[in-house]
Structure formats: structure tokens, C-alpha cells
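What follows is the residue order along each chain.
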Amino acid sequence: MKTLYDIDSIRERVREIIFDGSLTHEQQMMQLAMTAENTLPYPEGTPDNFEELFDSLQICDLSEGHAPYCPRYILPDYDLLMEKGCDFLRLTPPTNLFEALNTLLIFYRNVPSVTHFPVYMGHIDKLLEPFVTGSENDRQMIAGFLNCVDRTFGSSFCQMNLGPEDTKSARIIFELLPQINNSIPNMSLCYDPDITPDDYAEKAIECSLKTANPAFAYDPVYKKDFHGARYGLASCYNGLPYAGGAFTLSRVRLNRIAQNSSSLQDFMEHQLPYVVSSLCQFMEAKIRFICEDIPFFRTHFLVKEGFIKKDNFVGLFGVVGLHECVNILMQKEGKNYSFGPDAQANRLGVEIMDRLKELVEQHESAYSPVWNHHFMLHAQVGAENDDDTSPGARIAIGKEIDLYDHLRQAGLFHPYFTSGVGDIFPFETTAANNPAAILDVFKGAFKVNMRYISTYYSDSDLIRVTGFLVKKSEVFAHEAGRQVVNETAGGSVDVLRNKGILDRKVRTL
């Protein structure tokens, strides 16, 4: 456990932070704040076995802090901002593009999250479209806006959405991204083959190959899962209720639970239920703390002015390590089948996910009426101590299979994860000659039940790490002890060096 109670440990941690020359001033402040927060215990109601399961790496709180003072992910109603402005920030409704961009930048700076930066920046093309004429002046202002976001909000865990309609503003963004080459923000194109024109989608793919932005989200299935209600894609690829968000995201490492099991039967009947129950209790304790104890939902301007509603927030139950979990349990059963290439192992993966979904849905939360008082499953992508643990339900790097088999295999597991799941497929640079072929690949992926897919050039400086973007050059600069604005680069050193991200299988057409 990482609770700091004795003064000597606290002082030593403070010294480490303030003398770390690779951290910017803002990054130091945020780490100092986390150190202070973690002198407090976890919320009342945390189960007695939490420490045991945390220390054995079977569960993880994703460094949210022991006493969070706001929800993890917040998705404000930006349409309301454009319509009415904001009293607290003394913002009036914008009347032109300059005012719209300025309004958004001011508002963003005041939206909290687990990263202390906004994780959701709205459906940016729709927000800007009423003010865009397509002039060179528009291009210059939007470029300045995107550069300001990249240099001001130092975390890759923020996201803008686009589509599914063709817009002038999105086409300007597709033209600008390769020129400015930024790692912030993440972008997702909400794609619908019945609405999104092929030439527009191909422009998005050309942009994505060069900049890893945007990823493609299958809009029809998100709309179906959210029963036609508004949703947004935040942080990496977290699908969440609009004007709401996520109270918390905690997770299980399925592979560690499998290692702790004597057999497949023990895993399914004893170990998995034990861990899932404990994590649900922990999440409920944290959500109660956020809703009842801290003042956020009573005092914050986002709540008072109607930009968010407490009833639109959910808890995210995260999952990692399915690949390794399946292989471990196969070995325990004396079977030589592997997750990915072997149908028997993939069927076991489906059985595990069916069981996990059943167990998570047994927990009824006192909160989250927007999701019928249940938690949403999330294919989480990685964190500290994830050695030999693949993101979500992905096939492990180095074990990838033929592209089309890989898409079908991924399609077995994407439907479980309403709140977020994705797979990443780097392509050779020659793919630029045929974006229509990649679009056909994406269309096929969605037909076999995938819901989120991303790509980039294999030799690009900008890459998707697990779900977020970094520049390789910035990661290596941080590794060398130099400061970079994007704090996510620092957390990506180990991932790039030791987790095989640079060794993903490169696809050809």
C-alpha cells in the first residue's frame, strides 16, 4: 500500500519531487498534492481485504488518490456553454469563431479531473461549425487554438470528438494536425457508414496515419448502448454519459487472479467472485465519499449551472490481463491453447467475460441511475506494476495474428465494454497510397463487432501507447532528464522501453 503516515516518509517523498529536474513546476505541484492526499486513509467502507488484494496486484485503484476531491472523468455540456455562456466565469454566448475558441479555452482551464486537466473537450467540430467559414483566418485561429491546448493542458488523457457528419471545421482539423504534429488532445471520429462520407473518412485516415489522430469509434453501437442518449468519448476512449462522467475507475488484473487460483473451477467459483466483490465494495465506498462527503456536487459551478448532473455519473469497473489469464488457466487445465490463435482459448476468454459481467452486474450501486445503478465494464489499458499484463482484452504484443483473424477475435470481446475498449494497428508508410483500403478494413472490423480502432504509421514520432498519444521524441527526452510539457511522456518511458509498444506487428495492405 502507498499510504504515507509517518513524517519521515512524507518528507522523503517531498524531497524527491522538488529535486526532480525532469518535472515541470506544474508537474511538481500535482505530485506534491497527491502526496498530501495520500496521507489520508481510503474512504470509510473500503473492505478489510483491500490491502491484501492491492499488494498482491489482483486489484488496482489507478492512482486516483485516497481521498478524491472530484469525480475522475467529467463531461460537461458544452452545448449549454455555447448557448448560455457561464455566469461563474463571466462568459457570454460566443458570436464568432474567436469568441468561441476563447470561451472554450477559458472553460477548459476550469474543468477538473483525476489528471487536473479536462479529459473531455466536447464534440469540437459541432461546437465550432456555426462560426466556421473555411477562410484562411479560420485556419489560423483553429491552429492557434489546438497549439494552445497542446501546450496548456499537459496530459494526453484529454479528448475531442468529431463526426459522424462531414463538417468544414473537421476538415480544417484534418489538414492542420499533420502540420502542427501535437500529442494533445486525443481525438475520436464517431463514424457511421450511413452518415459519414467515404472521402471524409479517408481524410481522417490519412491524418491518423501521420499523427495517430483521430481514432475511429463506431457511432451506431455507442448510440444503441446508450439508448439514444448523448454520450462522449473521454480520456483514452472512455464512452460516458454526456453532462456526466465517471465517479471512479478501478480495475482487476485477471492474470494475477488466475495465478492465485488452483484451477479453472477455483477461478470461476471462488477467486474471481471474491476479488470482484471486494473491488465493487471499494468502488462503492469511494463513490459514496465523492457524492456525500466532499463538497463537489454541492458547490462546484459545473453542477450549479447545469453543465453536469450527479445522476449522469457512473462507476467504471476496469479489466486488464485477459490474454495472460486465459493462457494461465489453460496451462492449469493441462491444455496447450493460446489466446488469439486458438478457438478453444478464445472460447474460454468469452466464458471468463460472461462470468465477470455476471458478477459485476450483481452489485447494485446506490448511485448511477443513468446506468440502472450498475457499474460499466471498461477495457483498461495499463498502469504501474502491469508487468506481463496486456491491456484490456487485447492480444499481447508479439503474439498478434493475421489482421483479419485479429479483427474477428477482437470482435468477440469489444461488446462487453460499453464504457471503452480499443485495438491498435500500425501500418506501413505505403498505406498512405490507399486510405480507402484501410477504411474498408475499419468497416469490416465494425461488422464483426469491434467498436473502436486506431492506427498510425509504424515509423511515426506520434504513436498511440495504449490508448493515449505521445511523441517518441518527448518520451526519450524525459528519459534523458529533460522537461517536457506533456506529463504523460514521463509515464511512457517504461511502456516504450519494456512493454513492447515499439514492437507491435506492422500491418500491410
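Residues numbered from 1 in each chain as written. Predicted model: local features only at pLDDT ≥ 70, side-chain atom pairs only at ≥ 80, totals over all residues. Heavy atoms only, no water.

Draft legend 1. View of the overall build of the protein. Within the protein, the regular secondary structure consists of 21 helices and 15 strands. A compact globule built from 509 residues would reach a C-alpha radius of gyration of about 23 Å, and the protein, at 22 Å, matches this within 12%. Along the first, second and third principal axes, the C-alpha atoms of the protein reach 65 × 55 × 50 Å. Expressed as a percentage of the 509 residues in the protein, the buried residues total 61%. Put simply, of all contacts in the protein between residues at least 6 apart along the chain, 79% involve residues at least 24 apart. Of the roughly 19800 Å² of accessible surface on the protein, a fraction of 48% belongs to carbon and sulfur atoms. If you average the places of the 47 positive and of the 67 negative side-chain charges in the protein, the two averages end up 2 Å apart. (Helix = DSSP H or I, 4+ residues; strand = E, 2+ residues; numbered from the N terminus. Rg over C-alpha atoms; globule rule 2.2 N^0.38 Å. Buried < 20%, exposed > 50% of the residue type's maximum accessible area, 1.4 Å probe, protein only. Contact = heavy atoms within 4.5 Å. Areas by Shrake-Rupley, 256 points an atom, 1.4 Å probe, with all protein chains shown as cover. Lys, Arg positive; Asp, Glu negative; His and termini not counted. Charge placed at Lys NZ, Arg CZ, Asp CG, Glu CD.)

Draft legend 2. Structural view of the sheet that holds strand β12 (residues 423-424). Here 6 strands make up an open sheet; going across it, the order is β3-β4-β5-β6-β13-β12 and the pairing mixed. Strands with a single pairing partner mark the edges of an open sheet, and in this sheet they are β3 (120-123) and β12. In the sheet, strand β4 (residues 159-162) pairs with strand β5 (residues 186-191) via 4 bridges, with the strands oriented parallel. By the bridge assignment, Met 160 is partnered in β5 with Met 187. (Pairing = 2+ DSSP bridges.)

Draft legend 3. Summary view of the pattern of salt bridges. For the structure on display, the rule yields 22 salt bridges. Close ionic contact of Arg 109 with Glu 26 constitutes a salt bridge, the shortest N to O distance being 3.1 Å. Placement of Arg 109 in the loop between α5 (97-108) and β3 and of Glu 26 in helix α2 (residues 25-37) is noted, with a sequence separation of 83 residues between them. Where Asp 79 meets Arg 230, a salt bridge forms, and the shortest distance between an N and an O atom there is 3.0 Å. Taken together, the residues Asp 79 in helix α4 (residues 78-84) and Arg 230 in the loop between α10 (219-225) and β7 (231-234) connect sequence positions 151 residues apart. (Salt bridge = Lys/Arg side-chain N within 4 Å of Asp/Glu carboxyl O.)

Draft legend 4. Broad picture of helix α9 (residues 198-211). Over its 14 residues, α9 runs 20 Å from end to end, which matches the ideal 20 Å to within 8%, given 1.5 Å per residue. Backbone geometry just after α9 places Ala 212 at a positive phi near 65 degrees. (Expected span 1.5 Å × (residues − 1).)

Draft legend 5. Molecular detail of the packing of aromatic side chains. Tallied over the entire structure, the rule returns 31 aromatic pairs. Seen from their ring centres, Tyr 42 and Phe 50 are 5.0 Å apart, and the 70 degrees between their planes marks the pair as edge-to-face. In terms of burial, Tyr 42 and Phe 50 fall into one category: buried. Summarising the aromatic geometry, the rings of Phe 247 and Phe 313 are spaced 5.5 Å apart at their centres and angled 35 degrees between planes, so their arrangement reads as tilted. Here Phe 247, found in strand β9 (residues 244-253), pairs with Phe 313, found in strand β10 (residues 313-320); they are 66 residues apart in sequence, far enough to count as distant. Accessibility expressed as a relative area gives 1% for Phe 247, which makes it buried. Its relative accessible area of 0% is what places Phe 313 among the buried residues. One aromatic cluster in this structure is built from Tyr 78, Phe 88, Phe 107, Tyr 108, Phe 117, Tyr 120, Phe 145, Phe 153, Tyr 242, Phe 301 and Phe 307. Stacked on the ring of Tyr 242, the Lys or Arg Arg 230 has its end atom at 3.9 Å from the ring centre. (Phe/Tyr/Trp six-rings, centres within 6.5 Å; stacked < 30°, edge-to-face > 60°. Lys NZ or Arg CZ within 6 Å of the ring centre and 35° of its normal.)

Draft legend 6. Seen up close, the environment of Val 495. Here Val 495 lies in helix α21 (residues 493-498). Sequence spacing of Val 495 and Ala 383 is 112 residues, and the spatial spacing of their C-alpha atoms is 9.0 Å. If we skip the residues at most four places from it in the chain, Val 495 touches Val 465, Gly 500 and Ile 501.

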